[in-house]
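# Observations on the model geometry
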Amino acid sequence: MTRSKTPLILVLVAVLVVAALLGGELFFRQQIKSCLAGQLESEIGSQVDVGLGWKPILISLIDKQVSSVTLDSNDARFGPAEGMTVHAEVNDVNFQQSADSNGTIGSSSADIDWSTAGIASTLQSQGIGALVTGVTSDASAGTLSFAVGGLAELTVKPVVAGGSVDVQTVGASILGLGIPTDLVDSIVGVLSDSLQQYPLDMAPTSLTVTDSGIELTLQGDQYTLPPVSADQTQQTPEGCSLIA
């Protein structure tokens, strides 16, 4: 009688152990995602959706390392830019903390979409939007055009050169006359500032003008997550205490 029950008991124990491990994995996975979101949102400039790689989080709690992380945002802000859609991947995250860092990242990459609507919104927020009545893109020419006051047009061509984005002025005219230099410089300046500041020390490797805006690819090498300074009052993101 006892022997016949032994296999059943073992099976029940095994099921309970597996259920406990799965439950713990799901719980701690969510906690680590909250921690990463809290730490990386300041880098992206907006709220992010975080996904974790294949490595079991229960192991990460022991060795303080996460194999890979994906970050998605529909309203990222780099510099003055608004309305950027970002999909980023971060690899080899190490949560070993020190006095100088909150951990390190082995490498990173990102794909950015910046629509003409987002570009127009950015100019508006910088006080130029009232003068710019429309933004269009020309995929075949690789240019962006800005209608100024309904009478003038400024055309620029953003290109990647030497690890940064250079916004080149292609044409600027109003009824055959030149647009005021200050206005041209202001528009080009906002675009340049929006395409120069990237998270995790990533740098642009390619840029494509599409029929709806700009597509930009970034790559980054090892990066050290900055520590919270003594004068900062921000709370530790939820879940970070588990891997501190």
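Structure shown above.
Report follows, based on the coordinates. Here the structure is a predicted model, which means the values were calculated and not measured.

Time to look at the overall build of the chain. Looking only at helices and strands, the chain has four helices and 11 strands in total. At a minimum sequence separation of 6, the contacts of the chain that also span at least 24 residues come to 56%. Of the accessible surface of the chain, which amounts to about 12,800 Å², a share of 54% is contributed by carbon and sulfur atoms.

For residues besides glycine, phi is generally negative; the peptide bonds are generally trans as well. Although it is not a glycine, aspartate 92 sits at a positive phi angle of roughly 55°. Given a relative accessible area of 52%, aspartate 92 falls into the exposed group. In this model, aspartate 201 sits at a positive phi of 60°, which is unusual for a non-glycine residue. With respect to the helices and strands, the residue aspartate 201 is situated in the loop between helix H4 (181-194) and strand E9 (203-209).

Looking now at the packing of helix H3 (residues 116-125) against H4. The contact between H3 and H4 brings their axes to 10 Å, and the two run at 115°. One finds that H3 runs roughly perpendicular with respect to H4. Remark: the crossing between H3 and H4 carries right-handed chirality. Facing Ile119, Thr122 and Leu123 of H3, the residues of H4 in contact are Ile187, Val190, Leu191 and Ser194. Looking at side-chain class alone, the contact of H3 with H4 contains five nonpolar, two polar and no charged residues.

For the structure shown, the criterion picks out two salt bridges. A salt bridge links aspartate 75 to arginine 77; the shortest N-O distance between them is 3.9 Å. Note that arginine 77 is salt-bridged to glutamate 82, the shortest N-O span being 3.4 Å. Relative accessible area serves as the criterion here: at 38%, arginine 77 is assigned to the partly exposed category. Looking at glutamate 82, the relative accessible area reads 16%, which means it is buried. Salt bridges sharing common partners tie together Asp75, Arg77 and Glu82.

Counting residues in each nonpolar core, the largest one holds 57 residues, and the members touching the most others are Val69, Met84, Phe146, Ile187 and Leu195. Setting aside residues up to four positions removed in sequence, leucine 195 forms contacts with Met84, Trp114, Val165, Val167, Ile214 and Leu216.

Attention now goes to H4. Residues spaced three or four apart along an α-helix point in a common direction, a consequence of the helix completing one turn every 3.6 residues. Between its first and last C-alpha atoms H4 spans 20 Å; for 14 residues at 1.5 Å apiece the expected length is 20 Å, and the two agree. Listing the buried residues of H4 in full gives Leu183, Val184, Ile187, Val188, Val190, Leu191, Ser192 and Ser194.

Cut-offs used in this document
Residues numbered from 1 in each chain as written. Predicted model: local features only at pLDDT ≥ 70, side-chain atom pairs only at ≥ 80, totals over all residues. Heavy atoms only, no water. Helix = DSSP H or I, 4+ residues; strand = E, 2+ residues; numbered from the N terminus. Contact = heavy atoms within 4.5 Å. Areas by Shrake-Rupley, 256 points an atom, 1.4 Å probe, with all protein chains shown as cover. Buried < 20%, exposed > 50% of the residue type's maximum accessible area, 1.4 Å probe, protein only. Axes fitted to C-alpha atoms, helices over the stretch in contact; angles between N-to-C directions. Parallel < 35°, antiparallel > 145°, perpendicular 65-115°, else oblique. Left-handed = near helix turned anticlockwise from the far one by under 90°. Nonpolar A, V, L, I, M, F, W, Y, C, P; charged D, E, K, R; others polar. Salt bridge = Lys/Arg side-chain N within 4 Å of Asp/Glu carboxyl O. Core = buried A, V, L, I, M, F, W, Y, C linked by side-chain atoms within 4.5 Å. Expected span 1.5 Å × (residues − 1).

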